[in-house]
Amino acid sequence: DPILDNHASDSLVMNSFRSVAMHPIISLIDSVTTLKELKQIHSQLVLNSLLRDPHLLGQFIAAIALNNPYNLDYSNQVLDQCDNPTLFTLNSMIRAHSKSSTPQNSFRFYKKILQSNHNLAPDNYTFNFLVRTCAQLSAHGTGLAVHGALIKHGFEHDPHVQSGLIFMYTEFGCLSSCHKVFGKIPEPDLVCQTAMVSACSKCGDIGFARELFDVMPKRDHIAWNAMIGGYAQCGQPREALSLFHLMQMEGVWVNEVSMVSVLSACTHLGALDQGRWAHAYIERNKLRMTVTLGTALIDMYAKCGNVNKAMEVFWGMKEKNVYTWTSAMGGLAMNGFGKKCLELFSLMKHDGIHPNEITFVSVLRGCTVAGLVEEGHEHFESMGKVYGIEPQLEHYGCMVDLYGRAGRLDEALNFINNMPMKPHSGAWGALLNACRMYKNMKLGELASRKLVELEAKNHCAYVLLSNMYADNKNWEEVSSVREIMKARGLTKLPGCSVIEVGGEVHEFFVGDNSHPRYDEIEMMMAEISKRLRLAGYVADTNPVLFDIEEEEKEDALFKHSEKVAIAFGLITLKEGVPIRIVKNLRICWDCHEVAKKISETFNREIIVRDRNRFHHFKDGDCSCKGYW
């Protein structure tokens, strides 16, 4: 987390800055000072002969470099006229460049220190900023060299340098190196402990991170944010929200960083009520609506199925970057508003925002949802020709999905065969899914075989192929696929559906009856079954992967986790409140049709976010228009 690095480094520089009395003229320089104003200040300093003092000259150069990255070139020009720059001046330049778009230039000034004729030697500030540079560059080899140099100069025991090293090795993904650095610190301070918590969280060792967090004698908001963010990043959103509530109870200051992690956890769970509460908390406590926080809000609302609120936040933001626009576009596409997504893309270009790789994933998904094959192809071609962006595997997968959903399976296969790199599982998976939808058994078998070649442990390929055989009542092949899965030790991931009621998240697994209100749920499921039969519903038992009596199949189908979650929603949520469900797998066809029928017979809106997309069920219809 760069925030941890900034916490250590910024305090270092500011303390150093304050240790020297700032000249009144130099103190006029801030983050909004223009180049023209800088030149006027420069003229005044020259006219008053103030820049003959090397310390004042160093202050001037540092003020230019550190306050506004756009003025970094001017600080370089001023420094080039200086014969004897001080260590403070050169350290400031190292730091300024480490945070710029040209971090590699930091080493220029390190070289000036080493080659100085005035007995300059690097200090702890120097190495702290060089470590930051290596992290910024993801330069593992250079990082090791800097680590060696700081040991040689005797700074391996400096707490700021130690926390910087932990941060650097975290960026390299070297958790073992983080442990080595941390293990050599006899009494790690708050910054080092926080850096280690963040390192373990980011690299997946969330257990050790929590152990360390729990024994910290003092924990500031940065330590809490690191731990909460770690849970959110490691796919443990419940723990993230639980720890956030504890953070509040202990009276720890909550800032924008805290809320981004909280919103991420709400997004993962599909917990709209808790997401709304988080939004209200932000407004009530007048937290600054940064671009990152606003984008996280848009993402949360969109992925919880409330597109109108997501767009309300979007249009209300004063400042937007490419990620903000992309998040809004992605939200529209995943909720079935493909044309709206493309309209927003046009507005984005009109506003002068340059799209990135992720933007085009949203654009292509928008075209897929809207069924605009030719327009999708044009956008794909424009990536390289207009924007200089080389399409990645995900973009190729989107194109296969675009052709496949439109039923143009031969074109989808030709597109895969003409890919400039080896086709990945996403491309073959998209084709396999399309083959099942359009019942192309021959091509489906090819796609499945290719998918298994790439990912022998991918149970999804076997399950989809199995379902295709089941659709055709080919039980012999279904049994064959099941035997292969058994021989390879593969099992289908159990279905899990999550629903939020009254701010509490409830999980349901297929066939699980452990919920405290299961008796009520079972009664509601019986009522659903009764009403659907009266409405003429007949279960589609093909998805059941074994040849048993139809009645048994229907019973197995009716215990799918999403049906149980819908039943729970019907008995707990007030009339008129949409039932929102998040499922870990793709919704099966029968559950899809049942949800449509329930939305009509019970007059309830149902929103299901499965592994692939959103399904908005209302008045007996679904937003996916049959392609689920």
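Residues numbered from 1 in each chain as written. Predicted model: local features only at pLDDT ≥ 70, side-chain atom pairs only at ≥ 80, totals over all residues. Heavy atoms only, no water.

## What about the environment of alanine 447?
Structurally, alanine 447 is set in helix α26 (residues 441-454). Each C-alpha atom, one on alanine 447 and one on threonine 324, is 36 Å from the other, the two residues being 123 residues apart in sequence. With residues up to four places along the chain from it excluded, the contact list for alanine 447 reads Trp428, Leu431 and Leu432. (Helix = DSSP H or I, 4+ residues; strand = E, 2+ residues; numbered from the N terminus. Contact = heavy atoms within 4.5 Å.)

## A few points about the sheet that holds strand β5 (residues 614-618)
In sheet architecture, strand pairing relies on hydrogen bonds along the backbone and comes in two forms, parallel and antiparallel. With mixed pairing, six strands are arranged side by side in an open sheet as β2-β1-β3-β4-β5-β6. A single partner strand is all that each edge strand has here, and the edge strands are β2 (504-509) and β6 (621-622). As paired strands, strand β1 (residues 496-501) and strand β3 (residues 579-583) are joined by three bridges and run antiparallel to one another. Bridging across to β3, serine 497 finds its partner in lysine 583. (Pairing = 2+ DSSP bridges.)

## A word on the nonpolar core
Judged by nonpolar contacts, the single largest core of 164 residues is most densely connected at Phe60, Phe127, Met259 and Leu431. Broken down by element, the residue count for this core peaks at eight residues, all from helix α27 (residues 459-471). Other than its neighbours up to four places away in sequence, methionine 259 contacts Phe244, Val254, Ala278, Tyr281, Ile282, Leu287 and Leu293. (Core = buried A, V, L, I, M, F, W, Y, C linked by side-chain atoms within 4.5 Å. Buried < 20%, exposed > 50% of the residue type's maximum accessible area, 1.4 Å probe, protein only.)

## Digging into the confidence of the model for the chain
Here the chain averages 88 in pLDDT, while 93% of its residues score no lower than 70. Considering only residues more than four positions removed or in separate chains, one finds that residues 1-9, a stretch of pLDDT under 50, has 24 contacts. Throughout residues 11-19 the model reports pLDDT below 50, and contacts reaching past four residues in sequence, or to other chains, amount to 15 contacts. (pLDDT = per-residue confidence, 0-100.)

## Describing unusual backbone geometry
Trans peptide bonds make up most of the peptide bonds, and negative phi angles are found at most residues other than glycine. Despite not being glycine, serine 138 shows a phi value in the positive range, around 55 degrees. Here serine 138 shows up in the loop between α7 (124-137) and α8 (140-152). One non-glycine residue, lysine 286, lies in the positive phi region at around 55 degrees.

## Details of the pattern of salt bridges
Taken as a whole, this structure holds 18 salt bridges when the rule is applied. The partner of glutamate 381 in a salt bridge is lysine 385, and the shortest N-O contact between them spans 3.5 Å. One end of the pair is glutamate 381 and the other is lysine 385, both in helix α22 (residues 373-385) and four residues apart, which spans about a single turn. In this structure lysine 385 comes out as exposed when scored by relative accessible area, which is 69%. A salt bridge links lysine 563 to aspartate 590; its shortest N-O distance comes to 2.8 Å. You can see lysine 563 sitting in helix α31 (residues 561-572) and its partner aspartate 590 sitting in helix α32 (residues 589-601), a full 27 residues away along the chain. Neither lysine 563 nor aspartate 590 differs from the other in exposure class; each is buried. (Salt bridge = Lys/Arg side-chain N within 4 Å of Asp/Glu carboxyl O.)

## Some details on the packing of aromatic side chains
Taken as a whole and assessed by the stated rule, the structure comprises 16 aromatic pairs. Relative to phenylalanine 155, the ring of phenylalanine 127 has its centre 5.9 Å away and its plane inclined at 45 degrees; by these criteria the two rings are tilted. Placement of phenylalanine 127 in helix α7 and of phenylalanine 155 in the loop between α8 and α9 (159-172) is noted, with a sequence separation of 28 residues between them. Between phenylalanine 508 and phenylalanine 568, the ring centres sit 5.3 Å apart and the planes meet at 55 degrees, which makes this aromatic pair tilted. Taken together, the positions of phenylalanine 508 in strand β2 and phenylalanine 568 in helix α31 put the pair 60 residues apart, joining distant regions of the chain. In terms of burial, phenylalanine 508 and phenylalanine 568 fall into one category: buried. An aromatic cluster is defined as three or more aromatic residues linked by ring pairs; in this entry it consists of Phe380, Tyr396, Tyr403 and Phe415. Across the ring face of phenylalanine 314, the terminal group of lysine 320 is positioned such that the distance to the ring centre comes to 5.0 Å. The positively charged end of arginine 531 is found above the aromatic ring belonging to phenylalanine 602, 4.1 Å away from the centroid. (Phe/Tyr/Trp six-rings, centres within 6.5 Å; stacked < 30°, edge-to-face > 60°. Lys NZ or Arg CZ within 6 Å of the ring centre and 35° of its normal.)

## Quick notes on helix α17 (residues 291-303)
Compared with an ideal rise of 1.5 Å per residue, which puts 13 residues at 18 Å, α17 spans 18 Å between its outermost C-alpha atoms and is within 8% of the ideal. A large share of α17 lies buried, amounting to 10 of its 13 residues. Taken together, the buried positions of α17 are occupied by Val291, Leu293, Gly294, Thr295, Ala296, Leu297, Ile298, Met300, Tyr301 and Ala302. Elements in contact with the buried residues of α17: α15 (256-269), α16 (272-284), α18 (307-316), α19 (322-334) and β5. One or two residues past the end of α17 sits glycine 305, with phi positive at roughly 85 degrees. (Expected span 1.5 Å × (residues − 1).)

## Concerning the UniProt feature "repeat: PPR" (unreviewed entry) in the chain
Within this numbering scheme, the UniProt entry marks residues 220-254 and 321-355 as carrying the feature "repeat: PPR" (unreviewed entry). For residues 220-254, the helix share is 74%, the strand share is 0%, and the end-to-end C-alpha distance is 10 Å. Regarding residues 321-355, the helix share stands at 74% and the strand share at 0%, and the terminal C-alpha atoms are separated by 10 Å. (UniProt positions renumbered as here; feature names shortened; annotations may be inferred.)

## Observations concerning the packing of α15 against α16
Between α15 and α16, whose axes approach to 9 Å, the crossing angle comes to 160 degrees. What the angle tells us is that α15 and α16 run roughly antiparallel. Two packed elements cross with a definite hand, and for α15 against α16 that hand is left-handed. Residue-level contacts link Met259, Val262, Leu263 and Cys266 of α15 to Gln274, Gly275, Ala278, Tyr281 and Ile282 of α16. When grouped by side-chain class, the residues that make up the contact of α15 with α16 number seven nonpolar, two polar and no charged. (Axes fitted to C-alpha atoms, helices over the stretch in contact; angles between N-to-C directions. Parallel < 35°, antiparallel > 145°, perpendicular 65-115°, else oblique. Left-handed = near helix turned anticlockwise from the far one by under 90°. Nonpolar A, V, L, I, M, F, W, Y, C, P; charged D, E, K, R; others polar.)

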